[in-house]
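# Chain and residue survey
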Amino acid sequence: MDKLLIRGGRKLLGEVQISGAKNATLPELCAALLTAEPVRLRNVPSLQDVSTMRKLLLNMGVQVSEQEGGDLLINAGTLHTPEAPYELVKTMRASVLALGPLLARFGHAKVSLPGGCAIGSRPVDQHLKGLTAMGAEISVEHGYMLARIGGGRKRLQGARITTDMVTVTGTENFLMAAALAEGETILENAAQEPEIPDLAEMLIAMGARIEGHGSSRIRIQGVEALHGCTHQVVADRIEAGTFLCAVAAAGGEVFLKDGRADHLDAVIEKLQAAGVHVQAVEGGIRVHAQGRLQAQSFRTTEYPGFPTDMQAQFMALNCISEGASRTTETIFENRFMHVNELSRLGANIQIEGKVAVVQGVQRLSGATVMATDLRASASLVIAGLVAEGETVVDRIYHLDRGYDRMESKLRGLGADIERIR
């Protein structure tokens, strides 16, 4: 099993390329299921979750080939099995995104209940509620969602869908299903994360009729068929935010090529309050940090608020900042598993229900730590960059699920980091 060995104490200097977003790539791979024509995706990151989704599509009979420059060409015209088996999706919760497209195009689907990081409950009931409102008949049997279009109809029906909570993957599933539904679908309480309008723009390029994407109310006029397209995946805001926190913690000056500052307003605001210089410039983001920063309290919430996917990384920064801070996690109930591992490095953190109280310390000390989920692993890497001595981060397969060659990118900025077996 691979590990990362980090020798802390080096500043980060230079330029780093921000990859395409994992959380945009996965639904957009599923969106390719909506048409029998070829779809080309550009700026696809090299990640374990992307590889898993490719295997899932291949298992259905979809042709997926890597093109020059790293593009993926997807042809779902050869799809013969509208099914997502447990063996392929047990490690990836995004598998539920296959349900809407398969049901909309083929009229039936069999999709395993999803797995993924152990950071709390991620119920699929909102997906089932919305698709049922569109005329689907869905049952859950033996760990699988069995879905078909009811009432003898050939197409899903437009509907007004109001979810009980904001759900990103739910919004994405409804967007894709509604694109081929009969009539108008209105999504109320829709997620607004940048990955949503990016998916919508891809669907529009395929012939979908969508308005309001990027707001809490999205209107979709269904069409009978969609066609192929070429689409560039939006830059990964969480990868960019992670590198911003890494530079803030370690010190230095870095240009994040293709980073989108407008997708990170809440994070950048906290970094600037801490004493970090962050500037949106042509082609990316420039960040400069030196000296000890001021700890910042924050509360995770839906976009455009502070993202739960940046909570662990910012907490690592607070661990070595001056003063005390409070981190309130409102999205997932089990997303403080990195706290014990940060404490092994010398951090001073107390958990009070949904709140982590961090008292900044002067320094961290290297130790062996274990990644428990994707973003927790990134927080341990950040802590290792500033800890005295050697830090070994174990179980980094979590990191590989969502970060494209992170250790190589950090090494290119001057970090002393290597992958060991």
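Let me begin by describing the structure that accompanies this report. (Residues numbered from 1 in each chain as written. Predicted model: local features only at pLDDT ≥ 70, side-chain atom pairs only at ≥ 80, totals over all residues. Heavy atoms only, no water.)

### Observations concerning the overall build of the chain
- A count of helices and strands for the chain gives 14 helices and 24 strands.
- The C-alpha atoms of the chain give 22 Å as radius of gyration, which agrees with the globular expectation for 421 residues (22 Å, within 12%).
- For the chain, the C-alpha atoms occupy an extent of roughly 70 × 45 × 40 Å along the three principal directions.
- Within the chain, buried positions represent 57% of all 421 residues.
- Considering only residue pairs separated by 6 or more positions, the chain has 74% of its internal contacts joining residues 24 or more positions apart.
- Accessible surface computed for the chain: about 16100 Å², of which carbon and sulfur atoms make up 45%.
- One way to put it: in the chain the 43 positive side-chain charges average out to a point 2 Å from where the 48 negative ones average out. (Helix = DSSP H or I, 4+ residues; strand = E, 2+ residues; numbered from the N terminus. Rg over C-alpha atoms; globule rule 2.2 N^0.38 Å. Buried < 20%, exposed > 50% of the residue type's maximum accessible area, 1.4 Å probe, protein only. Contact = heavy atoms within 4.5 Å. Areas by Shrake-Rupley, 256 points an atom, 1.4 Å probe, with all protein chains shown as cover. Lys, Arg positive; Asp, Glu negative; His and termini not counted. Charge placed at Lys NZ, Arg CZ, Asp CG, Glu CD.)

### Digging into the environment of E66
- Relative to the helices and strands, E66 is located in strand β4 (residues 63-66).
- For the pair E66 and E239, spaced 173 residues apart in the sequence, the C-alpha separation amounts to 23 Å.
- Contact partners of E66, with chain neighbours within four places excluded, come to R54, D71 and L72.

### Looking at the sheet that holds strand β21 (residues 355-359)
- Across the sheet, 4 strands lie side by side as β18-β19-β21-β20; this open sheet has mixed pairing. With one partner strand each, in any of the chains shown, β18 (298-299) and β20 (348-352) form the two edges of the open sheet.
- Relative to β21, β20 is paired through 5 bridges, and the arrangement is antiparallel. Bridging from a neighbouring strand, Q350 pairs with V357 of β21.
- Against the sheet, helix α10 (residues 311-319) contacts β18, β19 (324-328), β20 and β21, and its axis sits at roughly 25 degrees relative to β21. (Pairing = 2+ DSSP bridges. Axes fitted to C-alpha atoms, helices over the stretch in contact; angles between N-to-C directions.)

### A word on the packing of aromatic side chains
- Scanning the entire structure with this criterion turns up 3 aromatic pairs.
- The interplanar angle of 85 degrees and the centroid separation of 5.6 Å between the aromatic rings of F306 and F314 together place this pair among those described as edge-to-face.
- For F314, a relative accessible area of 0% gives the class buried.
- The lysine or arginine in question, K110, covers the ring of Y144, its NZ or CZ lying 4.7 Å from the ring centre. (Phe/Tyr/Trp six-rings, centres within 6.5 Å; stacked < 30°, edge-to-face > 60°. Lys NZ or Arg CZ within 6 Å of the ring centre and 35° of its normal.)

### Considering helix α9 (residues 265-274)
- Those residues of α9 that sit buried are A266, V267, I268, L271 and A274.
- Those residues of α9 hidden inside the fold are in contact with α8 (237-250), β16 (277-281) and α10.
- In the segment just after α9, G275 is the residue with positive phi, at about 115 degrees.

### Quick notes on the environment of R286
- Examined against the element boundaries, R286 turns out to sit in strand β17 (residues 284-289).
- Residue R286 is classed as partly exposed on the basis of its relative accessible area, which comes to 34%.
- Residues R286 and F255, spaced 31 residues apart in sequence, show a C-alpha to C-alpha distance of 4.5 Å.

### Focus on the nonpolar core
- In this structure, L175 and L203 are the most contacted members of the largest nonpolar core, which totals 74 residues.
- If one sorts the elements of this core by residue count, helix α6 (residues 168-179) sits on top with 6 residues.
- With residues near it in sequence (within four places) discarded, L175 still touches L187, I196, L199, A200, L203, I210, I218 and I220.
- Among the nonpolar cores identified, the runner-up in size contains 70 residues, and A248, V278, M310 and A371 belong to it. (Core = buried A, V, L, I, M, F, W, Y, C linked by side-chain atoms within 4.5 Å.)

### Focus: the packing of helix α4 (residues 99-106) against α6
- Across the interface, α4 lies against α6 with an axial gap of 8 Å and an inter-helix angle of 15 degrees. What the angle tells us is that α4 and α6 run roughly parallel. With respect to the hand of their crossing, α4 and α6 are arranged in right-handed fashion. Across from L99, G100, P101 and A104 in α4, the residues of α6 making contact are N173, M176 and A177.
- Of the residues assigned to the contact of α4 with α6, the class counts are 5 nonpolar, 2 polar and no charged. (Parallel < 35°, antiparallel > 145°, perpendicular 65-115°, else oblique. Left-handed = near helix turned anticlockwise from the far one by under 90°. Nonpolar A, V, L, I, M, F, W, Y, C, P; charged D, E, K, R; others polar.)

### Considering helix α5 (residues 125-133)
- Here α5 has its buried residues at Q126, H127, L128, G130 and L131.
- G135 occupies a position one or two residues after α5 and carries a positive phi of about 100 degrees.

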